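# Structural overview for review
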Amino acid sequence: MTTTVEMDSKFIGAMLKFRAISPLEELVAYEALWDLPESTMSSLSQKLKSYPHCSLSALVDAEKLKEYKNQLLSVISNLPHFGVRIYGDGEFPDRLNDARHPLKIFYFQGNWDLIYLPSIAVVGTRNPSEMGIRRTEWLVKKLVEDNFVVVSGLAKGIDTVAHSVALARKGSTIAVIGTPLNCYYPPENRSLQEEIANKHLLISQVPFCRHARQTYRENRFFFPERNVTMSALTKATIIVEAGETSGTLVQARAALNQGRKLFILENNFVNPDLSWPKKFQEKGAIRIKDYDEIRQHLSVIS
């Protein structure tokens, strides 16, 4: 279990005004704060923003910390290659602050070094057409050849194809999931998730305790929030195929709001049933017919 973090001198100076920071106590406090009935991604982000020089554990009383620590140790002790990243620890990605409701802590399993490599998100519908699958295979093959880390959300459909092809092509992949690290959704992707966690990188900002006590319906809001995080982590997002009400469009909006490149493949524009591609193009998305166009735009931001 990776729980030791290196903190930069500025953060250490700020923290010494309060108390020494413990990564374990910080993740326990994060869970306790999330478990308050009124907590949402927006409200929790705002609360943490109000305490820029205060550790999360300073916001939770000692008895509550002890209670949640006992619950969590049994969970995280069963997660191989587990780690936590805390804002100010020297390894927390600054680009995550571009998210709509940036949090100060998240969990991961796997090879953290992948976070420092150029990465591109490949996303789309959970119910792709045969051509959508082929386009994803073609696209990921090209990205791997150009040494990009392929990032996706481990959902059914396009996400699963993107991760699977990256692995098959001996590339690297990062999965940003909408469940805690100890959950598998969809269930059929369990082996894929475990391979990514063991050999690549799996990331989640979803709290274990809150998720466990809620229903599936109540937990659905974590999925669009992970799309916002996925966009913030990457240089660009590529939409292969998506319907008019696809959750992928959450990531499309996030990418533009965060100043990231948003590529939309040509097949979406020629579909008469879709109006979203043109709307996003008018807002700055890039219409793509060939991979060389993607390469040209990415070379500008490399």
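Before any of the text, the structure's been laid out above.
Calculation notes
Residues numbered from 1 in each chain as written. Predicted model: local features only at pLDDT ≥ 70, side-chain atom pairs only at ≥ 80, totals over all residues. Heavy atoms only, no water. Helix = DSSP H or I, 4+ residues; strand = E, 2+ residues; numbered from the N terminus. Rg over C-alpha atoms; globule rule 2.2 N^0.38 Å. Buried < 20%, exposed > 50% of the residue type's maximum accessible area, 1.4 Å probe, protein only. Contact = heavy atoms within 4.5 Å. Areas by Shrake-Rupley, 256 points an atom, 1.4 Å probe, with all protein chains shown as cover. Lys, Arg positive; Asp, Glu negative; His and termini not counted. Charge placed at Lys NZ, Arg CZ, Asp CG, Glu CD. Phe/Tyr/Trp six-rings, centres within 6.5 Å; stacked < 30°, edge-to-face > 60°. Lys NZ or Arg CZ within 6 Å of the ring centre and 35° of its normal. Salt bridge = Lys/Arg side-chain N within 4 Å of Asp/Glu carboxyl O. Polar contact = N/O pair within 3.5 Å; in protein donor to acceptor, adjacent residues only side chain to side chain. Axes fitted to C-alpha atoms, helices over the stretch in contact; angles between N-to-C directions. Parallel < 35°, antiparallel > 145°, perpendicular 65-115°, else oblique. Left-handed = near helix turned anticlockwise from the far one by under 90°. Nonpolar A, V, L, I, M, F, W, Y, C, P; charged D, E, K, R; others polar. Core = buried A, V, L, I, M, F, W, Y, C linked by side-chain atoms within 4.5 Å.

Attention now goes to the overall build of the protein. On a plain count of helices and strands, the protein comes out with 14 helices and 9 strands. Computed over the C-alpha atoms, the radius of gyration of the protein is 19 Å, within 12% of the 19 Å expected from 2.2 N^0.38 for a compact globule of 302 residues. Out of the 302 residues in the protein, the part that is buried amounts to 54%. Partitioning the contacts of the protein with sequence separation of at least 6, the portion at a separation of at least 24 is 73%. Per element, the accessible surface of the protein, about 13800 Å² overall, is 49% carbon and sulfur. Taking the average location of the 37 positive side-chain charges in the protein and that of its 33 negative ones, the two points are 3 Å from each other.

Here the focus is the environment of serine 246. Looking at the secondary structure, you find serine 246 in the loop between β7 (236-239) and α11 (248-257). Accessibility expressed as a relative area gives 17% for serine 246, which makes it buried. The spatial distance from the C-alpha of serine 246 to the C-alpha of leucine 65 is 39 Å, given a sequence separation of 181 residues.

Looking at where lysine 66 falls in the secondary structure, it is placed in helix α4 (residues 62-76). Given the relative accessible area of 53%, lysine 66 is considered exposed. Taking the C-alpha atoms as reference points, lysine 66 and tyrosine 116, separated by 50 residues in sequence, lie 34 Å from one another.

Here we come to the packing of aromatic side chains. Here the distance between the centres and the angle between the planes together describe a pair of aromatic rings. Summed over the entire model, instances satisfying the criterion amount to 14 aromatic pairs. A ring pair is formed by tryptophan 34 and phenylalanine 221, whose centres lie 6.3 Å apart and whose planes are at 45°; its orientation type is tilted. Within this pair, whereas tryptophan 34 is found in helix α2 (residues 23-34), its partner phenylalanine 221 is found in the loop between α9 (216-219) and α10 (222-233), the two being separated by 187 residues in sequence. Its relative accessible area of 28% is what places phenylalanine 221 among the partly exposed residues. A centroid spacing of 6.5 Å and a plane angle of 85° characterise the contact between tryptophan 112 and tyrosine 116, whose relative ring orientation is edge-to-face. In textbook terms, an aromatic cluster arises when at least three aromatic residues are bridged by ring pairs, as seen for Tyr87, Phe92, Phe106, Phe108, Trp112 and Tyr116. One Lys or Arg, arginine 85, reaches over the ring of tryptophan 112 and ends 4.8 Å from the middle of that ring. Above the ring of phenylalanine 280, the side-chain terminus of lysine 283 is found at 5.8 Å from the ring centroid.

Turning our eyes to something else, we now look at the pattern of salt bridges. As enumerated under the stated definition, the model contains 10 salt bridges in all. The residue arginine 295 makes a salt bridge to aspartate 146 at a minimum N-O spacing of 3.0 Å. Here aspartate 146 lies in the loop between α5 (130-145) and β4 (149-152) and arginine 295 lies in helix α14 (residues 291-301), a separation of 149 residues in the sequence. It is possible to trace a salt-bridge network through shared partners that takes in Asp146, Asp292 and Arg295.

Here tyrosine 216 shows up in helix α9. For tyrosine 216 and valine 150, which are 66 residues apart along the polypeptide, the C-alpha to C-alpha distance reads 28 Å. Within the local environment of tyrosine 216, its side chain forms a polar contact with the side chain of tyrosine 185, the two groups lying 3.5 Å apart.

Right, let's get into the packing of helix α6 (residues 158-168) against helix α7 (residues 190-199). Viewed as axis vectors pointing N to C, α6 and α7 meet at an angle of 50°, and their least axial separation amounts to 11 Å. With respect to α7, the axis of α6 lies oblique. Our pair here, α6 against α7, has a crossing hand that is left-handed. Residues Thr160, His163, Ser164 and Leu167 of α6 form the contact with α7, whose own contacting residues are Leu192, Glu195 and Ile196. Split into classes, the residues belonging to the contact of α6 with α7 amount to 3 nonpolar, 3 polar and 1 charged.

This next bit is on the nonpolar core. General note: in soluble globular proteins, nonpolar side chains tend to be found buried as a group. Core analysis: the biggest nonpolar cluster contains 37 residues, and Leu27, Tyr30, Phe82, Tyr107, Leu181, Leu202 and Phe208 have the highest contact counts within it. A per-element tally of this core places α2 first, with 8 residues. Discounting residues that sit within four places of it in the chain, phenylalanine 208 has contacts with Glu31, Leu72, Val75, Ile76, Leu79, Phe82, Tyr107, Pro180, Leu181 and Asn182. Listed in part, the 34 residues of the second largest apolar core include Val123, Ile203, Ala254 and Ala255.

Coordinates in, geometry out; function isn't part of it.
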